[in-house]
Amino acid sequence: MKLTILGSSGAFPGPGLATSGYLLEIDGHHLLIDCGSGVLSRMLEYIRLDQLEAIILTHLHSDHISDIGVLKYAMDLSRKAGQTIGNIPVYAPKTPEPLAASLESPGNFTLIPIADDHHFDLFGAQIHCFGTIHPFETCALRIEKDGRVFATTSDTIPCANLTPLLRQADLALLDAGSQEKLRTPVMVHMTAAECGTIAAQNDVKNMLLIHLLPFFNRAESILEARTAAGDSPTTIDLAEPGLTYTI
Ligand SMILES: [Zn+2]
Ligand SMILES: [Zn+2]
């Protein structure tokens, strides 16, 4: 598997950046995980529209789905111009229902509901969905292929499902949408320190922090995660757009 970071800004994109969007190549097939603001533009730097074969939306918050609308335009208009653009499966939670309904696009997307503990095969990989704790129904993803494991927490606070999700993952994306100094009584994202602790507890080999707000001091988030994680995992980095990882 090969992962390309298209965007990882939390909530809104920083200058020239994109919110959540991760292109995962599995045996030459292209899966897009989340389709946030600016992701379509970034994706088209790497693949043609007709090479996109499936989408998983981890949840329906705007920073994870806002480019779905312009993707529909791109598909319709490219088809009208004579390109062969197929219908693609879009795996997504079915709530909130009005938002799920807004994703419908006959001819472009076939919506397939996902939820906690769903699993399915895609391009020879096994995909397991784990529900997280977040204001909208959200699925973290563990994707296994030939003994290699990629995982993403999507948006969440610490919860029991993160253990089976992350256990011994070769590469994991963890929601560091907060920092310890920003802790409030009610949280909807993890702090970087929580990411470090949870990754170490679950023997994650390499971790990338995602969902940092654009105005965060990024070095602080890395330091916070490393201090909490100790020597494990081996690498802790930010999910910088344009980076690729072979898993
Ligand atoms: Zn969210
Ligand atoms: Zn988000």
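Anyway, here's the lowdown on the structure attached to this text. On a predicted model such as this, the values are computed, not experimentally measured, just so you know.

This next bit is on the sheet that holds strand β7 (residues 119-122). Pairing in this open sheet of seven strands is mixed, and the strands run β7-β8-β9-β10-β11-β12-β13 from one edge to the other. The sheet terminates laterally at β7 and β13 (235-238), the two strands that pair on one side only. Direction aside, the axes of adjacent strands within the sheet are offset by 20° on average. Taken together, the four bridges between strand β11 (residues 171-175) and strand β12 (residues 206-210) define a ladder with parallel strand orientation. Its bridge partner lying in β12, Ala 172 is registered against Met 207. Each of β12 and β13 touches helix α7 (residues 218-229); the most contacted strand, β13, lies at about 160° to it.

With that settled, the discussion passes to the environment of Thr 95. Tracing the sequence through the fold places Thr 95 in the loop between β5 (88-92) and α4 (97-102). Counting along the chain gives 60 residues from Thr 95 to Cys 35, while the straight-line C-alpha distance between them is 17 Å. The contacts of Thr 95, once residues within four sequence positions are left out, are Ala 100 and Glu 137.

A few words on the nonpolar core. Membership of the largest hydrophobic core comes to 69 residues, with the highest contact counts inside it found for Phe 150, Ala 172, Leu 174, Cys 195 and Leu 209. Among all residues touching Ala 172, those that are not within four sequence positions of it are Ala 151, Thr 152, Leu 166, Ala 199, Val 204 and Met 207.

Turning our eyes to something else, we now look at α7. In a regular helix each residue adds 1.5 Å, so 12 residues correspond to 16 Å; α7 covers 17 Å between its end C-alpha atoms and thus fits that length. All of the buried residues along α7 are Ser 221, Glu 224, Ala 225 and Ala 229. Buried residues of α7, seen end-on, are gathered within an arc of 120° and therefore sit on one face of the element. Once α7 ends, the next one or two residues include Gly 230, with phi positive near 70°.

Taken in spatial order, the seven strands of this open sheet run β6-β5-β4-β3-β2-β1-β14, and their pairing is mixed. Every interior strand has two partners, whereas the edge strands, β6 (109-113) and β14 (244-246), have only one. Mean inter-strand twist for the sheet, computed between neighbouring axes without regard to direction, equals 20°. Pairing between strand β1 (residues 2-7) and β14: three bridges, direction antiparallel. Considered in β14, the bridge of Leu 3 is made with Tyr 245.

Conventions we followed
Residues numbered from 1 in each chain as written. Chains lettered and ligands numbered in written order. Predicted model: local features only at pLDDT ≥ 70, side-chain atom pairs only at ≥ 80, totals over all residues. Pairing = 2+ DSSP bridges. Helix = DSSP H or I, 4+ residues; strand = E, 2+ residues; numbered from the N terminus. Axes fitted to C-alpha atoms, helices over the stretch in contact; angles between N-to-C directions. Contact = placed C-beta atoms within 7 Å. Core = buried A, V, L, I, M, F, W, Y, C linked by C-beta atoms within 7 Å. Buried ≥ 20, exposed ≤ 12 C-beta atoms within 10 Å, placed from the backbone. Expected span 1.5 Å × (residues − 1). Arc of directions from axis to C-beta.

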